[in-house]
Amino acid sequence: MTPAQTLIHYSGNAGLFLLAIAFLLTVYRVMRGPTLPDRVLALDMLVAIVIGFIAVFAIRSGYNLYIDIAISLGLVGFLTTVAFARYIMLRGKIGDSEETEPAIRAAAEQLAVEKGKKTSHEERANIRSDLSQKETK
């Protein structure tokens, strides 16, 4: 084994060891919290650490297809982070968003229709009971 291969071997082992420590610390942050944005950031960091694992493994094995897998994982991780950030941004602000206005308006109209049906049904039931009471007298 040449000195360059020895250096790559030991550097790969050290990199995997450091990535494993970072992975464990990040998993602790995901579980511990304290807030949802902290957890989302930790999950994004987990994706970055896994990309690091894949990259180190690709260098050690010499199989370049792993780099393509790491790139696609990075794209999926980015989209996931954007989706979580959007969820956090809209959480608790349902009525304040322009995107949710039609849904809120439709729900209010549906409630009004159901309330109207309920009142008309109750009125008919009251009329029937009044008629039945008059017939029994």
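Procedures and definitions
Residues numbered from 1 in each chain as written. Predicted model: local features only at pLDDT ≥ 70, side-chain atom pairs only at ≥ 80, totals over all residues. Heavy atoms only, no water. UniProt positions renumbered as here; feature names shortened; annotations may be inferred. Helix = DSSP H or I, 4+ residues; strand = E, 2+ residues; numbered from the N terminus. Buried < 20%, exposed > 50% of the residue type's maximum accessible area, 1.4 Å probe, protein only. Contact = heavy atoms within 4.5 Å. Patch = residues over 30% accessible without salt bridge, like charges linked within 9 Å, V, L, I, M, F, W, Y side chains within 5 Å. Areas by Shrake-Rupley, 256 points an atom, 1.4 Å probe, with all protein chains shown as cover. Salt bridge = Lys/Arg side-chain N within 4 Å of Asp/Glu carboxyl O. pLDDT = per-residue confidence, 0-100. Phe/Tyr/Trp six-rings, centres within 6.5 Å; stacked < 30°, edge-to-face > 60°. Axes fitted to C-alpha atoms, helices over the stretch in contact; angles between N-to-C directions. Parallel < 35°, antiparallel > 145°, perpendicular 65-115°, else oblique. Nonpolar A, V, L, I, M, F, W, Y, C, P; charged D, E, K, R; others polar. Expected span 1.5 Å × (residues − 1).

An unreviewed UniProt entry annotates the protein chain as Sodium:proton antiporter of Allorhizobium terrae. Database annotation for the protein chain, UniProt heading Sequence similarities (unreviewed entry): "Belongs to the CPA3 antiporters (TC 2.A.63) subunit F family."

Asks: Give a detailed account of the overall build of the protein chain, specifying residues and quantitative values.
Replies: For the protein chain, the count of helices and strands is four helices and zero strands. Counting all 137 residues of the protein chain, 11% fall into the buried class. Within the protein chain, contacts between residues separated by at least 24 positions form 44% of all contacts whose residues are at least 6 apart in sequence.

Asks: Can you tell me about the side chain of Thr26, naming the residues and giving the values?
Replies: Among the structural elements, Thr26 can be located in helix α1 (residues 3-32). The exposure class of Thr26 is buried, given its relative accessible area of 10%. In this view, Thr26 contacts Ala42, Met45, Leu46 and Ile49; residues no more than four positions away in its chain are not counted.

Asks: For a nonpolar patch on the surface, give the residues involved together with the corresponding values.
Replies: Where nonpolar side chains cluster on the molecular surface, the patch consists of Phe17, Leu18, Ile21 and Leu25 and spans about 420 Å² of accessible area. Along the chain, Leu25 turns up in helix α1. Residue classification places Leu25 among the exposed positions, given a relative accessible area of 57%.

Asks: Can you tell me about the UniProt feature "transmembrane region" (unreviewed entry) in the protein chain, naming the residues and giving the values?
Replies: Feature annotation in UniProt assigns "transmembrane region" (unreviewed entry) to the following positions: residues 6-28, 40-59 and 65-85. Taken end to end, residues 40-59 has its terminal C-alpha atoms 29 Å apart, with 100% of it in helix and 0% in strand. Summarising residues 65-85: 100% helix, 0% strand, and an end-to-end C-alpha distance of 31 Å.

Asks: Explain the confidence of the model for the protein chain to me, and be specific about the residues and the numbers.
Replies: Averaged over the protein chain, the pLDDT score is 84; the fraction of residues at 70 or greater is 77%. For the protein chain, per-element mean pLDDT is lowest for helix α4 (residues 101-136), which scores 70, and highest for α1, which scores 94.

Asks: Go over the packing of aromatic side chains with me, naming the residues and quoting the values.
Replies: Aromatic ring pairs: the centre-centre distance and the angle between the two ring planes describe each pair. Here the structure, examined in full by the defined rule, presents three aromatic pairs. Both rings, one in Phe57 and one in Tyr66, keep their centres 5.3 Å apart while their planes meet at 65°; by these two values the pair is edge-to-face. By relative accessible area, which is 44% here, Phe57 ends up partly exposed. Of the residues examined, Tyr66 reaches a relative accessible area of 27% and is grouped as partly exposed.

Asks: Any chance you could break down the packing of helix α2 (residues 36-61) against helix α3 (residues 65-90) for me, citing the residues and the numbers?
Replies: A packed helix pair is summarised by two numbers, namely the angle formed by the two axes and the spacing between the axes. Close contact between α2 and α3 brings their axes to 9 Å; oriented N to C, the two are set at 175°. Comparing the axis directions of α2 and α3 gives the class roughly antiparallel. Split by residue class, the contact of α2 with α3 holds 19 nonpolar, four polar and one charged.

Asks: Lay out the environment of Asp38 with the relevant residues and their values.
Replies: Mapping Asp38 onto the fold places it in helix α2. Discounting residues that sit within four places of it in the chain, Asp38 has contacts with Arg29 and Gly33.

Asks: Could you give an account of α2, with specific residues and numbers?
Replies: The terminal C-alpha atoms of α2 lie 37 Å apart, and with 26 residues this matches the ideal 38 Å at 1.5 Å per residue to within 8%. Those residues of α2 hidden inside the fold are in contact with α1 and α3. Once α2 finishes, Gly62 follows within two positions and takes phi at roughly 80°, a positive value.

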